[in-house]
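Survey of secondary and tertiary structure
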Amino acid sequence: LTAALSLRRRDEGEAWLSCRSPGKPTLYGSLTRRGLNTEGVPDIAASEGFVVGEVTKKSILISCPHENVSTKFLAPYTTFCRIHQKSITCLDISSGGGLGVSTSTDGTMKIWQAANGEIRRLLEGHVYDVNCCRFFPSGLVVLSGGMDAQLKIWSAEDASCVVTFKGHKGGILDTAIVDRGRNVLSCSRDGTARLWDCGKSACLGVIADCGSPVNGIAVGTADNSLNLGTPEKAPSEREVGTEGKILLLAREDKKLQGVGLQSRQPVFLFVGSDAFNCCAFLSSTYILAGTQDGNIYQLDVRNTNSPIQVIHRSGAPVLSLLPYRDGFIASQGN
């Protein structure tokens, strides 16, 4: 159930509604605002086929009895309009919650106060677009990857670039941090995922070479029963925290791959319905991955032959996944 909510603070306003069930015609309708009640809450009516439930100053519950579905639409409690001029492509919040970092198609990467959106630092140094950014666990350092095939580490305190990693042959599409961040990971349009040593700004190895762009990665502790394989040669002493970890690779060629981080050995390969854009760990056992055609797969790493569930809300690309409480948050391109 989707709506374009344009019921602004004026007394009257209208928003359209649609309810789509797979294999059935889409039902269309509208919401109309008819002013405020005595408590200052909007008085809202729905057109035929839709029912307005609880309305508060911050939410509207709409149901479609014919399809037996309902959706609660939430208003944002804060909106930051001045950080970027164009679409935001990636963002992260520091572990303490004080700072945000974001990249945009306006070509900028900025650090800002999470409480009020006040811009603190402009991180300049990538050539072309910056695709991904994230804070280290300390919250004082930022990792970014760009279309210039460079991976960079920045000080959040003075905006200086302290390390630049070079080695990828194509734009970097995602990154991951191993434990506290002495090692980091990146994946690229060149089809590889690489492990890097921050202290010596050196590549510790190619973890996987897929022959197809790797759109997203995630690193997690593997379930004890999983065989992660053994390394062909002893790991470098510069590798810290790779033992017992599995790396997920969301690939453009419709494959989701699991690789032993220390062993570099394949653990599983799952074929989906379309290109995989993103992946995440729910636990050491359960993983999520999202595709370009709108599927979210939940898998058990111990047996990836068939998914636990496939969630399909719309055909819009699944762009990001984030574990949250007992579930997860997904963003889609609609």
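Only a predicted model underlies this, so the values are computations on that prediction, with no experimental measurement involved. (Residues numbered from 1 in each chain as written. Predicted model: local features only at pLDDT ≥ 70, side-chain atom pairs only at ≥ 80, totals over all residues. Heavy atoms only, no water.)

**Focus on the overall build of the protein**
Check the secondary structure of the protein and you find zero helices and 29 strands. Rg of the C-alpha trace for the protein: 22 Å, near the compact-globule value of 20 Å for 334 residues, within the 12% margin. By its C-alpha atoms, the protein is 70 × 50 × 30 Å across when sized along the principal axes. Counting every position in the protein, which comprises 334 residues, the buried fraction comes to 45%. Carbon and sulfur atoms make up 48% of the accessible area of the protein, which totals about 17,400 Å². The average position of the 34 basic charges and that of the 32 acidic charges among the side chains of the protein differ by 3 Å. (Helix = DSSP H or I, 4+ residues; strand = E, 2+ residues; numbered from the N terminus. Rg over C-alpha atoms; globule rule 2.2 N^0.38 Å. Buried < 20%, exposed > 50% of the residue type's maximum accessible area, 1.4 Å probe, protein only. Areas by Shrake-Rupley, 256 points an atom, 1.4 Å probe, with all protein chains shown as cover. Lys, Arg positive; Asp, Glu negative; His and termini not counted. Charge placed at Lys NZ, Arg CZ, Asp CG, Glu CD.)

**Regarding unusual backbone geometry**
With a phi angle near 55°, Asn 68 is a residue other than glycine that sits in the positive phi range. Mapped onto the fold, Asn 68 is located in the loop between strand E6 (59–64) and strand E7 (69–74). The phi torsion at Tyr 128 lies on the positive side, around 70°, for a residue other than glycine.

**A word on the UniProt feature "repeat: WD" (unreviewed entry) in the protein**
Following the UniProt record, one finds the feature "repeat: WD" (unreviewed entry) at residues 81–122, 123–164 and 165–197. The span residues 81–122 carries 0% helix and 50% strand; its end-to-end C-alpha distance comes to 16 Å. End-to-end, the C-alpha atoms of residues 123–164 are 13 Å apart, and along that stretch the chain is 0% helix and 50% strand. (UniProt positions renumbered as here; feature names shortened; annotations may be inferred.)

**So, the environment of Gly 294**
Mapped onto the elements, Gly 294 comes out in the loop between strand E25 (286–291) and strand E26 (295–300). By relative accessible area, which is 1% here, Gly 294 ends up buried. Look past the residues within four positions of Gly 294 in its chain and what remains in contact with it is Ile 311, His 312, Arg 313, Ser 314, Gly 315, Ala 316, Pro 317, Val 318 and Gln 332. (Contact = heavy atoms within 4.5 Å.)

**A short note on the pattern of salt bridges**
Counted according to the given criterion, the structure contains eight salt bridges. Of the charged contacts in the structure, one is a salt bridge between Asp 174 and Arg 134, with a shortest N-O distance of 3.5 Å. Taken together, the positions of Asp 174 in strand E16 (residues 172–178) and Arg 134 in strand E12 (residues 130–135) put the pair 40 residues apart, joining distant regions of the chain. Its relative accessible area of 16% is what places Asp 174 among the buried residues. Where Asp 179 meets Lys 245, a salt bridge forms, and the shortest distance between an N and an O atom there is 3.2 Å. Pair noted here: Asp 179 is in the loop between E16 and strand E17 (183–188) and Lys 245 is in strand E21 (residues 245–251), with a separation of 66 residues, a long-range link. (Salt bridge = Lys/Arg side-chain N within 4 Å of Asp/Glu carboxyl O.)

**What about the sheet that holds strand E20 (residues 214–221)?**
If you walk across this open sheet you meet the four strands as E20-E21-E22-E23, and the pairing is antiparallel. The sheet is open, and its two borders are formed by E20 and strand E23 (266–271), each paired with just one other strand. Strand-to-strand twist of the sheet, defined as the mean angle between neighbouring strand axes without regard to direction, takes the value 15°. Pairing between E20 and E21: seven bridges, direction antiparallel. Among the inter-strand pairings, Val 214 is bridged to a residue of E21, identified as Arg 251. (Pairing = 2+ DSSP bridges. Axes fitted to C-alpha atoms, helices over the stretch in contact; angles between N-to-C directions.)

**Structural notes on the pairing of strand E28 (residues 318–324)**
In this structure, E28 lies alongside strand E29 (residues 327–332), joined through six bridges in antiparallel fashion. Across the sheet, Pro 323 pairs through a bridge with Phe 328, a residue of E29. As consecutive antiparallel partners, E28 and E29 are separated by two residues, and within that stretch Arg 325 has a phi angle of approximately 50°, a positive value.

**Some thoughts on the side chain of Lys 245**
Lys 245 sits in the buried class, given a relative accessible area of 11%. Within polar-contact distance, the side chain of Lys 245 engages the side chain of Asp 179 at 3.2 Å. Non-local contacts of Lys 245, meaning those with residues more than four positions away in its chain, are made with Asp 179, Val 219, Gly 220, Thr 221, Ala 222, Leu 228, Val 259, Gly 260 and Leu 261. (Polar contact = N/O pair within 3.5 Å; in protein donor to acceptor, adjacent residues only side chain to side chain.)

**Side note on the sheet that holds strand E5 (residues 51–55)**
Spatial ordering of the open sheet is given by E5-E6-E7, a layout of three strands whose pairing is antiparallel. A strand with exactly one partner marks an edge of an open sheet, and here the two such strands are E5 and E7. Averaged over neighbouring strand pairs, the angle between their axes works out to 20° when direction is ignored. Both E5 and E6 contribute to a ladder of three bridges, which runs antiparallel. Opposite Val 55, over in E6, you have Ile 60 as the bridge partner.

**Some words on the nonpolar core**
Judged by nonpolar contacts, the single largest core of 25 residues is most densely connected at Val 101, Leu 123, Phe 165 and Val 184. If you list the elements that add at least two residues to this core, you get strand E9 (99–104), strand E10 (109–113), E12, strand E13 (141–146), strand E14 (151–155), strand E15 (161–165) and E16. In terms of residue count, E12 provides more of this core than any other element does, four residues in total. Aside from chain neighbours lying at most four places away, what touches Val 101 is Cys 90, Leu 91, Asp 92, Met 109, Lys 110, Ile 111, Trp 112, Leu 123, Cys 133, Phe 135 and Val 142. Counting 18 residues, the second largest nonpolar core, distinct from the first, contains Ala 218, Ala 250, Leu 256 and Tyr 297. (Core = buried A, V, L, I, M, F, W, Y, C linked by side-chain atoms within 4.5 Å.)

**As for the confidence of the model for the protein**
Of the residues in the protein, 96% reach a pLDDT of 70 or more, and the chain-wide mean stands at 93. Below a pLDDT of 50 lies the segment residues 6–10, which in the model reaches twelve contacts outside its immediate sequence neighbourhood of four places, other chains included. (pLDDT = per-residue confidence, 0-100.)

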